[in-house]
Amino acid sequence: MTGKKYHRLLERQLKKYLPGYPEVPQEWESLLSAISNSYEHSDNDRVLMETAMRESSDELMAKKEAVNQMLARQSQVLEALKEAASTLFPDRPSLENEDLLQLADVVQEEIEKRQIAETRTAQSDQRLLDIIDSLNLGMARYDLEGRLTQVEPRFAEIFEMQESAMIGLQSCDFSAPIDAKEFSRIEFHITSKVFESTYLNTGGAITWLLCTTAPLYDEAGKVEGGVIVVFDITARKKLEQEMVEARKAAEAGLELRKTILANVSHELRTPVNAIVGMSALLASTDLNQQQRDYLKTMRFSSDGLLVLIDDLLDVSRIEAGKVELGEIEFSVQDNFSELTKALRIRAEEKELQFEWNLDESIHLRLLGDVHRINQIITNLIGNAIKFTPTGKVRLDIQLMGDSNDTQWVRFSVTDTGIGIAADRQAAVFQAFAQEDNSTTRKYGGTGLGLSISKRIVEMMGGELKLTSEKNVGTTFSFQIALKKALEAAPVKKEFNPDLQGAHILLVEDNKVNQFLANALLFSWKASVDISEDGQDAIDRLKEKEYDLVLMDLQMPVMDGFEATGHIRGVLRSNVPIIGLSANALNGERERSLEKGMDDYVSKPFQPELLYAKIHGLIFRS
């Protein structure tokens, strides 16, 4: 049978390998049709594939171009990121070789660092705010024009305003009292300053503020404004004012006490001066034994009064800081020999054994305030005698240290007396204090001696120490430094008073003191006129010339200060004037010299001292 038309590739094969083609066997027809269909399908598939491949190639080229463009853009972005990162992170020079992923890691790392830093800064700022809040401080920020830009709650509270209402305010918006020059306005400085300011609150009262200002800087380091921290110090100011008023009151009290002490001193010393003077005159007369015993009792009582007065005055001087230590050359042996003579007599009157021992290693002559040392030793031994019913009292003077020009000397006073309980030992050094009230009633005394002695020892650089056992005895001791002096003793001049030919005006209102002074001056061969007040003295000086005036300071009509001022100013007289006063407070001598007097002597006075001053002024070259 003749074959139908098959696919061209199949027909080519049939023509080549099947003889007689296009004639084909009947039984091959179905097979050849199937093969021809397969070739047809294969052609169709190839066409489709070629079409697909062509289209895919075009799409791939387009994608490639897009990718190339994207890579170019990414390269530009990467370079821009590197440049920006190099600016942001100058401490990382390796950024030039980083790829995009590494750069992203770097940026992420830096972002995390900065987030941590910002968190810490925020925490620090919060801590600062917490501290400011806990300290009750008010804080605000302001710009270069001095306008508030941020206000913390406490700042607004201090000024009794809302925070939002304060934004934009300037320092001139905060009032201060206009009529009070000492009050200042609050100021917003662009510099660091600490100052006090005031604010007139809604109640019309003054609020005092302690203000601190400081500049604020921007990221470029330029000042962009300032910050102010305020603290309400009104309570402190009130306390300061109260303290000022209290100090004034205390000073007024001290001045009043000084006046009272001056009056007490004068009123007590005037009669005591008479007792001492009359006792001295009486002792120079012929007396029987009974009269001498009476005189001895009178002298003992007057000495006790003087000790009481001096104790009171010493307390006042020490508290006022007006006690000045002197530096006097003295013989150690002679001084303490004389000092212990009177104390020995007092001990023997109580049938007590008295001993004193001087270390032979101590320099023969020393420099120091010997009068204050004697005052301390006298007080300590006097107390020991007073509080020792039986037994003995002993003074030891020991060398504790030595150098080229200084010796450290320890003074100890030991007794076998009643002792002091351990819980009362500290109290005995307090002013007006004794072990208990029964001690005061039984033994007497003011309780001032130990307090005064302790203060004087401390002024000398030492410490007054106490060891005691109840009903066994007590030891008081102190150690001070004393300078060495030349060992050659000065020649002591014999007291042989002679004021022959001297004409002296005695200005004194007290009759007893007139009598005593006149008796002394008469015994010194001087001629004396007496005035009872300053005005009478001035009248006498107008009529008669005198070689010297002894001027009491406290008198009726016209006192010694006013009279001296008149003599120097109105009469223009240069007559020597010596002030006399029973007021032994510090400053009396200085005041006398300031008023124009030539010298000053406190009563009761030693005759030798008064004579030396009179003789020096009258017969000075």
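Quick caveat, the model's predicted, so the values are computed rather than measured.

(A) Representation of the pattern of salt bridges. With the rule as written, the count across this model stands at 19 salt bridges. With a closest N to O distance of 2.7 Å, Arg394 and Glu355 form a salt bridge. One end of the pair, Arg394, is in strand β9 (residues 392-402); the other, Glu355, is in strand β7 (residues 353-358), with 39 residues separating them in the sequence. Residue class for Arg394 comes out partly exposed when judged on its relative accessible area of 26%. One salt bridge connects Arg540 with Asp536, and the closest N-O pair in it is separated by 3.1 Å. One end of the pair is Arg540 and the other is Asp536, both in helix α13 (residues 534-543) and 4 residues apart, which spans about a single turn. Accessibility expressed as a relative area gives 26% for Asp536, which makes it partly exposed.

(B) Representation of the packing of aromatic side chains. With the rule as written, the count across this model stands at 6 aromatic pairs. Summarising the aromatic geometry, the rings of Tyr142 and Phe188 are spaced 4.8 Å apart at their centres and angled 10 degrees between planes, so their arrangement reads as stacked. Highlighted residues: Tyr142 in strand β1 (residues 138-143) and Phe188 in the loop between α5 (163-166) and β3 (193-200), separated in sequence by 46 residues. When sorted by exposure, Tyr142 lands in the same class as Phe188, which is buried. Directly above the aromatic system of Phe561 lies the positively charged group of Arg591, at a separation of 3.9 Å from the ring centroid.

(C) Seen up close, the nonpolar core. Of all hydrophobic cores here, the largest spans 39 residues; its most connected members are Phe336, Ile377, Ile381, Phe411 and Phe478. By residue number, the principal contributor to this core is helix α9 (residues 370-386), which donates 8 residues. With residues near it in sequence (within four places) discarded, Ile381 still touches Leu343, Phe354, Val393, Leu395 and Val413. With 20 residues, the next largest nonpolar core counts Ala502, Leu550, Val601 and Phe605 among its residues.

(D) Structural view of helix α14 (residues 560-569). Every buried residue belonging to α14 is among Gly560, Phe561, Ala563, Thr564 and Ile567, and all of these are buried. One side of α14 holds all its buried residues, which, seen down the axis, span an arc of 165 degrees. Packing partners of the buried residues in α14 comprise α13, β15 (548-552), β16 (577-581) and α15 (588-594). Two or three places before Phe561, at the start of α14, stands the capping residue Asp559, its side-chain oxygen 3.2 Å from that residue's backbone nitrogen.

(E) Spatial organisation of the confidence of the model for the chain. Looking at the chain, the pLDDT average stands at 79 and 75% of residues meet or exceed 70. Across residues 432-447 the pLDDT falls below 50, and counting only partners more than four positions away or on other chains, this stretch makes 32 contacts in the model.

What counts and how
Residues numbered from 1 in each chain as written. Predicted model: local features only at pLDDT ≥ 70, side-chain atom pairs only at ≥ 80, totals over all residues. Heavy atoms only, no water. Salt bridge = Lys/Arg side-chain N within 4 Å of Asp/Glu carboxyl O. Helix = DSSP H or I, 4+ residues; strand = E, 2+ residues; numbered from the N terminus. Buried < 20%, exposed > 50% of the residue type's maximum accessible area, 1.4 Å probe, protein only. Phe/Tyr/Trp six-rings, centres within 6.5 Å; stacked < 30°, edge-to-face > 60°. Lys NZ or Arg CZ within 6 Å of the ring centre and 35° of its normal. Core = buried A, V, L, I, M, F, W, Y, C linked by side-chain atoms within 4.5 Å. Contact = heavy atoms within 4.5 Å. Arc of directions from axis to C-beta. Polar contact = N/O pair within 3.5 Å; in protein donor to acceptor, adjacent residues only side chain to side chain. pLDDT = per-residue confidence, 0-100.

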